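# Structure assessment
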Amino acid sequence: MNKLILLAATGLLLASCSNEKGSVKIQLPEDFQEKTLVVSHLTIKNIFEATQAEDLTVIYDTLEVKDRVAELRLDPAGPARYSIEPPVMATMQPEFYADPNDALTVTVISFEPLDYDVEGSKLMEDITAYNSTIRPIQQDYMALVSRDSNISPEQLQEQLKRYDDAVKKFVADHPDSPAIPFVITDLSGDDFKQAYDNMTPAAKKSILMPFAEAYNKDVEEMQSQREEEEARKAEVASGKIEAPGFTLPDLAGKKVSLSDFRGKWVVLDFWGSWCGWCVKGFPALKEAYKKYGDSLVIIGIDCNESEADWREGVKKHELPWINVYNGNDQALYEAYQITGFPTKAIINPEGKLVDLTVGEDPSFFTRLADFIN
């Protein structure tokens, strides 16, 4: 009997120490000296119904702090994202997601560097576990970037793969977790789509499902755009598209038309002196110009800068081919469907567009050699 009384008393004691539903106990760092703490929140519904920044309704609560502990009542309006405002300048702030009926404990070990734990809900415990998994990878990446400004693409790719692998492992190990809709938004493109399409019914019940749904919509739009671009590339590669014509002034003010060069292979280089990647591509383009001689005409089309800057750029980089000025006229960009700089177009002797390359891509010169040869 005494044992039963002892167990019952222990149960009452534990119950009295636990949080009530709809509340959050915030334990603050040992060096916290403020008498108040500000916590802001946005309901998840508001986040996704807002069409502009002015539609977001951020609610602020100023909480009394006693013995480095603050108590927060959760918003009964619905699930929300809460942020604890640091009392000092900090790069990040403690955040947590909560349902109105949750009972959470947030333990802030340090505001800067940020270190905190959230207990009391499966969602936040899994998010905390996930963050502890990826945080070292993020720190290694930041240390690498800050230490070496000449990071190779291979090094970056290695770090990104390490990150993606950690995300995928967490998803595989916790398929029913309510954190899954939050976690998979750290993936991109096809990786995200696969994870989204394979989410379990349990994971889809998460209060964070709207985040995954919104991201999925963006990914589907990007995939649609990519498919359109691929279709455009295939159409261009067919050699059936007539290259859009133009007439633009050269350095001497003489009008230059694309039709003037019918019967020759032509490369159009859309560039600007403001574009670092455009400038990086000049040495390889000069080699091609020298290699193919009279078999190839290169026309540099300057974009998005003043005429004075264009002339200075041609002179500075010693561009030996035909140079014309387009300035800010959007019509030619739209005709060639330019989405970035540099963009290089290859036109065959019949005046057909056979290749369109966005960005500085070494494979462009391989394709150019195949065409001319």
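Below is a summary of the structure that appears in this document. (Residues numbered from 1 in each chain as written. Predicted model: local features only at pLDDT ≥ 70, side-chain atom pairs only at ≥ 80, totals over all residues. Heavy atoms only, no water.)

Once that is clear, we can look at the pairing of strand β14 (residues 322-327). Most of β14 sits inside the fold, with five of its six residues counted as buried. Since strand β13 (residues 296-303) and β14 lie parallel, the crossover through helix α11 (residues 307-317) that links them has a hand, and here it is right-handed. (Buried < 20%, exposed > 50% of the residue type's maximum accessible area, 1.4 Å probe, protein only. Helix = DSSP H or I, 4+ residues; strand = E, 2+ residues; numbered from the N terminus. Right-handed = clockwise from strand over helix to strand, strands pointing away.)

Let us look at the nonpolar core. In this structure, Ile26, Leu37, Ile84, Phe96, Val106 and Ile184 are the most contacted members of the largest nonpolar core, which totals 52 residues. Looking at this core element by element, the count peaks at six residues for helix α3 (residues 122-147). In contact with Val106, other than residues within four places in its own chain, are Val24, Lys25, Ile26, Gln27, Ile84, Phe96, Tyr116, Asp117 and Val118. The next biggest cluster of nonpolar side chains, apart from the first, holds 24 residues, and it includes Ala243, Leu248, Phe261 and Ile299. (Core = buried A, V, L, I, M, F, W, Y, C linked by side-chain atoms within 4.5 Å. Contact = heavy atoms within 4.5 Å.)

Glancing now at the sheet that holds strand β7 (residues 103-110). As a general point, the strands of a sheet are linked pairwise by backbone hydrogen bonds and lie either parallel or antiparallel. Strand order in the open sheet formed by eight strands is β6-β5-β2-β3-β4-β1-β7-β8, and the pairing between neighbours is mixed. Either end of the sheet is taken by a strand with one partner, and the two such strands are β6 (95-98) and β8 (115-119). Put simply, the sheet's adjacent strands are angled 25° from each other on average, direction ignored. Across two bridges, strand β3 (residues 59-66) lies against strand β4 (residues 69-73) in antiparallel orientation. Counterpart to Val65 in the pairing with β4 is Ala70. (Pairing = 2+ DSSP bridges. Axes fitted to C-alpha atoms, helices over the stretch in contact; angles between N-to-C directions.)

Turning our attention to a negative patch on the surface. Residues Asp115, Asp117, Glu119 and Glu125 make up a contiguous surface patch of negative charge. Of all the elements, β8 adds the most residues to the negative patch, at three residues. The residue Asp115 is located in strand β8 in this model. The class of Asp115 is partly exposed, set by a relative accessible area of 33%. (Patch = residues over 30% accessible without salt bridge, like charges linked within 9 Å, V, L, I, M, F, W, Y side chains within 5 Å. Areas by Shrake-Rupley, 256 points an atom, 1.4 Å probe, with all protein chains shown as cover. Salt bridge = Lys/Arg side-chain N within 4 Å of Asp/Glu carboxyl O. Lys, Arg positive; Asp, Glu negative; His and termini not counted. Charge placed at Lys NZ, Arg CZ, Asp CG, Glu CD.)

Before going further, it helps to examine α11. For α11, the complete set of buried residues consists of Trp310, Gly313, Val314 and His317. With its buried residues spanning 95° around the axis, α11 presents them on a single face. Exposed and oriented more than 90 degrees from the buried face of α11 are Ala308, Lys315 and Lys316. Buried residues belonging to α11 abut β10 (247-249), β12 (265-271), α9 (276-280), α10 (282-292), β13 and β14. (Arc of directions from axis to C-beta.)

The subject of this paragraph is the sheet that holds β13. Here we have six strands laid out as an open sheet, ordered β9-β16-β15-β12-β13-β14, and mixed in their pairing. What marks the edges here is a single partner per strand, and that holds for β9 (241-242) and β14. Across five bridges, β13 lies against β14 in parallel orientation. Considered in β14, the bridge of Gly300 is made with Asn323. Across the face of the sheet, α10 comes into contact with β12, β13 and β15 (343-347) while running at roughly 150° to β13. Strands in contact with α11 are β12, β13 and β14; relative to β14, the strand with the most contacts, it is inclined by about 155°.

Such coordinate-based values are descriptive only and should not be taken to indicate function.
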